[in-house]
2 protein chains.
Amino acid sequence: MNNSLSQVLRHIKPLDSKAIEAAQARQNELTKPRGSLGRLEELSIKIAGIKGEIIRGFKHKVIVTMAADHGVVEEGVTLYPQEVTRQMVFNFLNGGAAINVLGRLVGARVVVVDMGVVGGFEPHPNLVCKMIDFGTKDMTKGPAMIRQQALDAIEAGIAVVEAEIAKGLDIVGTGDMGIGNTTASSAIAATITGEPAEKVTGRGEGLDNERLAHKVKVVQKALDINKPDSRDPIDVLSKVGGFEIGGLAGVMLGAAGHRIPVVIDGFISGAAALIATALAPGLKDYLIAAHLSAESGHKILLQHLGLTPLLSLEMRLGEGTGAVLGIAIVEAAVKTLAEMATFTEAGVSKEKH
Amino acid sequence: MNNSLSQVLRHIKPLDSKAIEAAQARQNELTKPRGSLGRLEELSIKIAGIKGEIIRGFKHKVIVTMAADHGVVEEGVTLYPQEVTRQMVFNFLNGGAAINVLGRLVGARVVVVDMGVVGGFEPHPNLVCKMIDFGTKDMTKGPAMIRQQALDAIEAGIAVVEAEIAKGLDIVGTGDMGIGNTTASSAIAATITGEPAEKVTGRGEGLDNERLAHKVKVVQKALDINKPDSRDPIDVLSKVGGFEIGGLAGVMLGAAGHRIPVVIDGFISGAAALIATALAPGLKDYLIAAHLSAESGHKILLQHLGLTPLLSLEMRLGEGTGAVLGIAIVEAAVKTLAEMATFTEAGVSKEKH
């Protein structure tokens, strides 16, 4: 195992129980019936546990959107042609994609990372280049990548998040772009959750029943050919994963190693979380599931992770669009804990029991 | 029926079908798989229909939080003493309540209205006085208010929203404060939905089983004594309602009459919406249900209104705390429709079918 990964795995510590107690105690003193802010209270307490203290808010919010291509598109599992991955990266850089719009609204900067897009890019001031290769290989014919590339992808994700920490980072959301990446994510989900392919394979950008049935067969074929070892997450990532999925796993691990909360997006980020939590079970405490994607299989994946999504808006776009809305909810949670008056401060009578 | 109410009822028009078509057409041209923004797409189209055009965003966001007291607290249906209503109004004015914190975060101004709080208030620059009376009467012993007060409360709500329109108003959320107001709301919900009291009566601030059973009996007694006429919403409001509930119904009607979208909060706002939509069925198109409250009975109420909530965060605080988070989601919807690039603008390939 490479150096920065093994270091990060050692650095992921349990949540701070004193900060959790202090946050819970403060919640009970705020001017509202106990528990009446529901999941906002739960979130505010979790964030205190992650940060080790009750914080005032998030100054630096970042969405890391990682892009890469997938050789499995040759099997006809998508509605959009492969070049859309590259075209959408330009759309991100020009500020025209959904994640740009929502990032501006929520006040989060969007960091676009090329993890391995076919065609590549000229240097661009707003594009982080961590290219592993021009797309993965077709996983129905052998491993998607070699083991070293899987490790490199995770290390690249750690490096990306550490560079953002150097600039200032208080909360990070994960996002993806990669035509074909729901297919890879389904294969990862099937391997790690142990569920059959048809239970964790969905319509992606909007496949009809016939194409969905074909996609399930493709996922199954990739599993049969590669036999990924569910006890070895690097093996799973290399055989049926993707470069952006490995990168996102690295972002999660790197952030948690620095006590930074991670808001995970939908199905692809969820697959990355399966890899990352298999490497470091303690990571789970640092993860917040932003939303339940419309992609079938996401629910099973979140159940395996033990995470309850905050939102359920029938979204299935990726890019980090769910994560950025999730960050807005987490921010609401943190602000209420920090800024609400206590019963004593406000001179409000407490409940009688 | 008074003048401004009858005028408003005439002014609530169907949504603009041309704007809806234009919004749907634009959604299909934006750089994302069709439908992949889920409920954000649906919301953006609804807002276009309300406004009569595709808008760029909401400059003026307002939460109207209306406070009033309830005579039924004499029956022992609450954990908090009645003076908490008045104390919480001071907390709102001092910026220490949850709604203040969330309003600041979302960029919505919070308009606090005294609709009839026991004890009353000295004039305050940030408190709108529309006091109908110092709290309602105990509805287990007769009508909560006389019919003219019910009409006055609705008219007051219309006046409040029209004053905000004069200052600038693009979207409004509703909120409430009133110890005892879940009891009144349950009686309204039982009358208008036709469901039995025990199905629409919940724990409020956190009643235990014994106190909940007592509260159900109190609701039933109020219904038995008053026999509110479900076909006459003013009769229902006057017999088992509250001043803030009437006021909020007026806010909804007044906003819709001026083509302004209304994001409704939880159970109390929902009860107000039952009254308001009974007066003007066309109002429903202007309403957006922010969240599913943890208050049992809210689900039944939303089903009766035909509204699907955006959020489900186990919140049950009122004040407009759900509504303000709902406004943030609606804003995300509107911004994506307005600001995302089209396939043509971004040079992104469309799907093949």
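Rules used throughout
Numbering of residues starts from 1 in each chain and follows the order in which that chain's sequence is written. Each chain gets a letter, beginning with A, and each ligand a number, beginning with 1, in the order they are written. Whole-chain, interface and lining totals are the exception, using all residues; otherwise, since this is a predicted model, local features are given only for residues with pLDDT of at least 70 and side-chain atom pairs are given and counted only at 80 or more. Each side-chain value is derived from all of the structure's non-hydrogen atoms; neither hydrogens nor water enter the calculation. Should any heavy atoms of two residues lie within 4.5 Å, those residues are considered in contact. Salt bridge, as applied in this entry: a Lys or Arg side-chain nitrogen positioned within 4 Å of an Asp or Glu carboxyl oxygen. Any pair of N or O atoms that falls within 3.5 Å is considered a polar contact. Within protein, one atom must be able to donate a hydrogen and the other to accept it, and sequence-neighbouring residues count only if both atoms are side-chain atoms. A run of H or I in DSSP counts as a helix once it spans at least four residues, and a run of E counts as a strand once it spans at least two, with each numbered from the N terminus. Note that Gly is not counted as nonpolar here; it falls among the polar residues with everything else outside the nonpolar set of Ala, Val, Leu, Ile, Met, Phe, Trp, Tyr, Cys and Pro and the charged set of Asp, Glu, Lys and Arg. The residues that make up patches have over 30% relative accessible area and no salt bridge, and they are joined within 9 Å when like-charged or within 5 Å when they are Val, Leu, Ile, Met, Phe, Trp or Tyr. To be clear on the numbers: accessible area is Shrake-Rupley with a 1.4 Å probe, and residue cover counts the displayed protein chains and nothing else. What a helix is expected to span follows from its residue count: subtract one and scale by 1.5 Å. Relative accessibility thresholds used throughout: buried, under 20% of the residue-type maximum; exposed, over 50%; partly exposed, between the two (1.4 Å probe, protein chains only). Least squares is used to superpose the copies, and the fit set is the C-alpha atoms of residues whose pLDDT is at least 70 in both copies. Delimitation of the domains relies on an automatic or database domain assignment. In short, buried area is how much 1.4 Å probe accessible area vanishes from two parts on joining, totalled over both. At least two bridges found by DSSP between two strands are what make those strands a pair. For helices, the axis comes from a line fit to the C-alpha atoms of the stretch in contact; other axes are also lines fit to C-alpha atoms, and the angle between any two N-to-C directions lies between 0 and 180 degrees. Any pair of Phe, Tyr and Trp rings, taking the six-membered ring for Trp, is counted once the centres come within 6.5 Å. Such a pair is stacked with planes under 30 degrees apart, edge-to-face with planes over 60 apart, and tilted for the rest. Criterion for a charge above a ring: Lys NZ or Arg CZ within 6 Å of the ring centre, and within 35 degrees of the ring normal.

**Overview of the interface of chain A and chain B**
Counting residues at the interface gives 56 residues for chain A and 56 residues for chain B. Taken together, chain A and chain B are joined by two salt bridges. Across the pair R104 of chain A and E339 of chain B runs a salt bridge whose closest N-O atoms are separated by 3.0 Å. Along the contact surface separating chain A from chain B lie 16 residue pairs in polar contact (both at pLDDT 80 or more). Taken together, the elements giving at least two residues each to the side of chain A that touches chain B come down to α3 (39–51), α4 (83–93), α5 (98–106), α13 (321–339) and α14 (343–346) of chain A. When residues of the side of chain A that touches chain B are assigned to their parent elements, the largest contribution, eight residues, is made by α13 of chain A. Here the residues of the side of chain A that touches chain B sort into 27 nonpolar, 13 polar and 16 charged.

**So, a nonpolar patch on the surface**
A surface patch of nonpolar side chains, about 240 Å² in accessible area, is lined by V118, M131 and F134 of chain A. With respect to the element layout, V118 of chain A can be found in the loop between β2 (108–116) and β3 (127–129).

**Thoughts on α13 of chain A**
Side chains three or four residues apart in an α-helix point the same way, a direct result of the helix having 3.6 residues per turn. Between its terminal C-alpha atoms α13 of chain A stretches 27 Å, which fits the 27 Å expected from 19 residues at 1.5 Å a residue. Across the 19 residues of α13 of chain A, 17 count as buried, placing the element largely inside the fold.

**Thoughts on the relation of the copies chain A and chain B**
For the pair of chain copies, the relating transformation is a rotation about an axis with a translation along it. For the pair chain A and chain B, the superposition axis carries a translation of 0.0 Å, the fit reaches an RMSD of 0.0 Å, and the rotation angle comes to 180°. Expressed as an axis order, the relation between the two copies is that of a two-fold axis. Looking at the rotation axis and the C-alpha trace of chain A, the residue lying nearest is L311 of chain A, at 3.1 Å. A share of 100% of interface residues in chain A that are also interface residues in chain B marks the association as one of identical surfaces.

**A word on unusual backbone geometry**
One non-glycine residue, E314 of chain A, adopts positive backbone phi at about 60°. For E314 of chain A, the location among the structural elements is in the loop between α12 (298–305) and α13. For E314 of chain A, a relative accessible area of 48% translates into the label partly exposed. Here E319 of chain B, not a glycine, exhibits a phi torsion of approximately 70°, which is positive.

**Examining the domain arrangement of chain A**
Residues and elements named next belong to chain A. Examined at the domain level, chain A breaks down into domain 1 (3–56 + 337–346) and domain 2 (61–331). Computed from C-alpha atoms alone, the centre-to-centre distance between domain 1 and domain 2 is 28 Å. Taken residue by residue, the interface counts 19 residues in domain 1 and 28 residues in domain 2. Together, the buried faces of domain 1 and domain 2 total about 1900 Å²; carbon and sulfur atoms form 64% of this surface. Contact with domain 2 buries surface across domain 1, with L5, I12 and I50 losing the most and accounting together for 29% of the total. Across the contact surface, domain 1 and domain 2 share zero salt bridges. Where the side of domain 1 that touches domain 2 is concerned, the elements lending two or more residues are α1 (3–11) and α3. The element that contributes the greatest number of residues to the side of domain 1 that touches domain 2 is α3, accounting for eight residues.

**Description of the pairing of strand β4 (residues 171–177) of chain A**
Residues and elements named next belong to chain A. Taking burial as the measure, the seven residues of β4 include seven buried ones, the bulk of the element. Side chains of β4 alternate between two faces, with I171, G173, G175 and M177 and V172, T174 and D176 buried alike. In this structure, strand β1 (residues 61–68) lies alongside β4, joined through seven bridges in parallel fashion. Looking across to β4, one finds that M66 is bridged to D176. In the sheet, β4 pairs with strand β5 (residues 262–264) via two bridges, with the strands oriented parallel.

**A look at the sheet that holds β2 of chain A**
Residues and elements named next belong to chain A. Pairing within the open sheet is parallel, and its six strands lie in the order β3-β2-β1-β4-β5-β6. A strand with exactly one partner marks an edge of an open sheet, and here the two such strands are β3 and β6 (287–289). Between one strand axis and the next, the sheet turns by 30° as a mean value, whatever way the strands run.

**Some thoughts on the pattern of salt bridges**
As enumerated under the stated definition, the model contains 28 salt bridges over all chains in all. With a closest N to O distance of 3.6 Å, E75 of chain B and K141 of chain B form a salt bridge. With E75 of chain B in the loop between β1 (61–68) and α4 (83–93) and K141 of chain B in the loop between β3 (127–129) and α6 (147–167), this pair connects stretches of sequence that are 66 residues apart. On the basis of relative accessibility, which here comes to 19%, the residue E75 of chain B falls in the buried class. Note on K141 of chain B: relative accessible area 61%, which makes it exposed. By sharing partners, the salt bridges in this structure join E75, D138 and K141 of chain A into a single network.

**Re the side chain of D235 of chain B**
Residues and elements named next belong to chain B. Tracing the sequence through the fold places D235 in helix α9 (residues 233–240). Given a relative accessible area of 12%, D235 falls into the buried group. With sequence-adjacent residues up to four places away left out, D235 is seen in contact with R147, K227, P228 and D229.

**Overview of the packing of aromatic side chains**
Residues and elements named next belong to chain A. The final tally for this structure, using the stated rule, is four aromatic pairs over all chains. An angle of 65° between the planes, with centres 5.3 Å apart, marks the rings of F90 and F121 as edge-to-face. Separated by 31 residues along the polypeptide, F90 in helix α4 and F121 in the loop between β2 and β3 bring together distant segments of the chain. On the basis of relative accessibility, which here comes to 19%, the residue F121 falls in the buried class. One Lys or Arg, R86, reaches over the ring of F121 and ends 5.5 Å from the middle of that ring.

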